[in-house]
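Structure at a glance
Okay, here's what each chain looks like letter by letter:
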Amino acid sequence: MNCIFKPLWALMPFLLLSSGLLSQEAKTIEPFKIGYSISINKIDIVTLKKAKEAGIDYIELAALSSLIDKETKELKLTKKELENKMKTIKATADEAGIKIWSLHMPFGQYEDISLGDEVQRKKVVNLHKEIIKHAAVLKPQIILFHPSWYLGLNERELRKTQMIKSATELNKFVKGIGAKMVIENMLGPELLKSAQQERPLCRSVEEVQEVMERLPKDIYAAVDMNLIKSPEKLINALGNRLKSVHIADGDGMAERHYFPCSGKGKNDWNAIFS
C-alpha cells in the first residue's frame, strides 16, 4: 500500500510514501519512499528534476478538474491535444526518474459521479472515461475518485445508488489500463453543511463501510487523514480494501491540511502507523 502525505492545501504539495517491507533477516523496516501531489498543469523537467534531487520518487497528478470547461461541462482540449499532453507528462516524468503513482480525478459540483439526474450522471461518467483512456500512457497504479459533491436534503440514498452505478461502470475502464480504483472518504463531522446542503457521501466510518460493502470487491478505498477524526478507526475498519492514503494532520472538523507532526492537528500518528 502506498501513502500520500497531504500537507497544507494550497500552500504545500502531497507527500507520498511507498510500502515499507519488513526484512525477515534484518528485522528492520525499509525506509518509505517519498512523493507529492502536483498539478497536471505544472509538470516540467526543471520542477521534476529538482523534486528527484530532493528525494521524491513518486507523484500524484492533481487538478484534473482544470481539463473541464465549467460552462460547457466538456473537455477543454481536443482528443489529440489531451493525448499529446499525457504523452508529454509521461516523457517528462521518465526523464526525471519519477513514477506516477496516482491520478486524482476531477471533482466538484459538475464532475460528481453521484448526480441524481441520469442524463447528467452519464455525461460525467463519459468525461471521466475519456480522461482515463488518455491517461493509460501514464501507467498510474491508483485512480482516485471523490464519491460525491455536497448533496441536497434527503437524497442520500439516491446519490449512493447513483455513485455505485457510476463507480462500477468506471472501474472497467480503470482496470482496463492496469490500475486500481479507489473511493476517498469525505469530511463530515455532522450531516448538514447548511440548512440546504448535506455533507458528501462517505462522511463517516459507518458510511464508508456501507458503501464499500455495496461496491464490487475490486473497487477499493482511500483514506484522507485530514478529513476524519481518529483516522486509524477507518483504516482498521477497511482492512485490505484500503489501497492508498492522503496524509495530513487535522481534527476531523474542517479541512485543516496541517503538516503531519506539526503539533497543530490531533491525529494519533502512532496509532495510524500501527
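Our structure's up above, just so we're on the same page.
The following paragraphs examine the structure supplied in this document.

Criteria and thresholds
Residues numbered from 1 in each chain as written. Predicted model: local features only at pLDDT ≥ 70, side-chain atom pairs only at ≥ 80, totals over all residues. Heavy atoms only, no water. Helix = DSSP H or I, 4+ residues; strand = E, 2+ residues; numbered from the N terminus. Buried < 20%, exposed > 50% of the residue type's maximum accessible area, 1.4 Å probe, protein only. Polar contact = N/O pair within 3.5 Å; in protein donor to acceptor, adjacent residues only side chain to side chain. Contact = heavy atoms within 4.5 Å. Expected span 1.5 Å × (residues − 1). Arc of directions from axis to C-beta. Salt bridge = Lys/Arg side-chain N within 4 Å of Asp/Glu carboxyl O.

This part takes up the side chain of S65. Considering the arrangement of structural elements, one finds S65 in the loop between β4 (56-62) and α2 (79-96). Residue class for S65 comes out buried when judged on its relative accessible area of 14%. A polar contact is formed between the side chain of S65 and the backbone nitrogen of F107, at a distance of 3.0 Å. For S65, the residues in contact, after removing those within four places along its chain, are K70, P106, F107 and E111.

If you check α2, its first and last C-alpha atoms are 26 Å apart, about what 18 residues at 1.5 Å a residue would give, namely 26 Å. Those residues of α2 lying buried are L82, M86, I89, K90, T92, A93 and A96. For α2, the angular spread of the buried residues around the axis is 165°, confining them to a single face. Summarising the geometry of α2, the exposed residues directed more than 90 degrees from the buried face are K80 and E95. Contacts from the buried residues of α2 go to α1 (45-53), β4, β5 (99-104) and α3 (118-135). In the segment just after α2, G97 is the residue with positive phi, at about 80°.

Right, let's talk about the pattern of salt bridges for a bit. If charged atoms from side chains of opposite charge come close, those side chains can pair. Inspection of the entire model under this criterion finds 22 salt bridges. As a salt-bridge pair, K70 and E111 come within 2.9 Å of each other at their nearest N and O atoms. With K70 in the loop between β4 and α2 and E111 in the loop between β5 and α3, this pair connects stretches of sequence that are 41 residues apart. Here K70 falls in the partly exposed class, since its relative accessible area comes to 43%. Measuring nitrogen to oxygen at the nearest pair gives 2.5 Å for the salt bridge that ties K129 to E169. Linking K129 in helix α3 with E169 in helix α4 (residues 156-176), this pair joins segments that are 40 residues apart in sequence. Assessed through its relative accessible area of 28%, E169 is described here as partly exposed. Through salt bridges with shared partners, one network takes in R156, E157, K160, E198, E207, E210 and R214.

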